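Residue-level structure breakdown
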Amino acid sequence: MAATKKTTRKKQGVTRGDVLWMRSGGALLLMAAIVVAAYWVHQRIQDPSLMPVKSVVLDGSFEHVQRSELESIISQAMSGGFFMLDVGEIQSAVKHLQWVSGVTVRRVWPDVLVIKIYEHVPFARWGGSKLISDQGELFVPHAMGRFSNLPLIDADAEFAAEVMQYSRQISKLLPEGDAVTRLRRNARSGWTVWLASGVRIELGNSKVMERLARARLLLERFVDQKNLLKVIDARYSGGVAVKMKQQASDVNEKTNELKKESTESHA
């Protein structure tokens with residue numbers, strides 16, 4: 001009788017590789033579930049009917065910006081619900097309006113959009129069809145007629161910042177009660193100022209403020225007779241040449257005395 005061999009069956013345990021595989025599989029399933037959930041949420045929040053913006057609050061002075069035009073621009077730029085609304089697109093659309101200097105757009109939970117408008121403050125006319133704001137920005141208004149009382153500036157657009165700087169400095173140096181009605185920067189960087197009193201001041205392209213200070217001394221001397229002055233030419237070294245409305249000759253003021261000075265060359 002042949003001997004029977006007893007086979008011993010080894011018990012199969014869970015190996016380390018199996019554990020790692022199960023963990024990896026579980027992580028993948030969890031990640032897939034998160035991706036699916038995120039996609040579902042993304043699709044849902046893009047639906048304008050889900051949490052729509054129910055009211056838009058407009059804030060600003062609205063002295064020049066037309067509310068009807070603003071509302072039309074905003075309605076065209078709005079798309080999506082509260083979360084997916086493109087704030088940047090709305091800002092860009094509103095900023096293109098002529099009188100808008102700046103705009104902020106913010107969401108207010110749960111369904112409100114607040115839009116604040118900052119308008120240009122006109123400082124002067126720039127040529128015949130533009131205005132320059134108090135921040136030095138050039139813009140085109142709907143009509144120029146109502147701004148005819150503002151000073152007129154003649155200069156190339158690239159020099160807007162420089163013109164604003166000089167304009168403010170010149171205004172500060174003028175005698176009390178007088179004001180600039182026109183300011184010109186010519187191709188040679190020379191400055192000419194027209195005053196409300198009717199006087200034209202030639203300042204040239206160097207030492208502008210120093211020359212204006214000399215012109216001011218003369219204006220103060222003629223404070224009660226400014227209507228007699230026509231032109232003050234301060235482009236002389238140390239003096240000014242004056243043309244009177246009732247005289248054809250030029251006279252100079254140097255060290256507080258008027259005298260002829262025709263030998264000086266223009267700067």
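Provided above is the structure to which this section pertains.
The following paragraphs examine the structure supplied in this document. (Residues numbered from 1 in each chain as written. Predicted model: local features only at pLDDT ≥ 70, side-chain atom pairs only at ≥ 80, totals over all residues. Heavy atoms only, no water.)

Quick notes on unusual backbone geometry
Geometrically, the link from W109 to P110 is a cis peptide bond, its omega value of 5 degrees lying close to zero. With respect to the helices, strands and loops of the structure, P110 is situated in the loop between β2 (100-108) and β3 (112-119). In this structure, F62 is a non-glycine residue whose phi angle is positive, near 55 degrees. Tracing the backbone through its elements, the reader meets F62 in the loop between β1 (55-59) and α2 (67-77). In the Ramachandran plot, S189 falls in the positive-phi region, its phi being about 70 degrees despite a non-glycine side chain. Along the chain, the position of S189 falls in the loop between β8 (180-185) and β9 (191-195). Note on S189: relative accessible area 26%, which makes it partly exposed. (Helix = DSSP H or I, 4+ residues; strand = E, 2+ residues; numbered from the N terminus. Buried < 20%, exposed > 50% of the residue type's maximum accessible area, 1.4 Å probe, protein only.)

Let's talk about the side chain of D111
With respect to the helices and strands, D111 occurs in the loop between β2 and β3. It turns out D111 is buried and unbridged, and the closest side chain with the opposite charge, K54, is 4.1 Å from it. The residues touching D111, leaving out its near neighbours within four places in the chain, are P52, V53, K54, S55 and F82. (Lys, Arg positive; Asp, Glu negative; His and termini not counted. Salt bridge = Lys/Arg side-chain N within 4 Å of Asp/Glu carboxyl O. Contact = heavy atoms within 4.5 Å.)

A closer look at the pattern of salt bridges
Side chains that differ in sign of charge can pair as their charged atoms come close. This structure, assessed with the given rule, holds seven salt bridges. The partner of E162 in a salt bridge is R185, and the shortest N-O contact between them spans 3.2 Å. Taken together, the residues E162 in helix α4 (residues 160-173) and R185 in strand β8 connect sequence positions 23 residues apart. On the accessibility criterion, E162 (27% relative accessible area) is partly exposed. Here D233 ties to R235 by a salt bridge, and the two come within 2.9 Å at their closest N and O atoms. D233 gets classed as buried once you look at its relative accessible area, which sits at 9%. Classification of R235 by relative accessible area gives partly exposed; the value is 24%.

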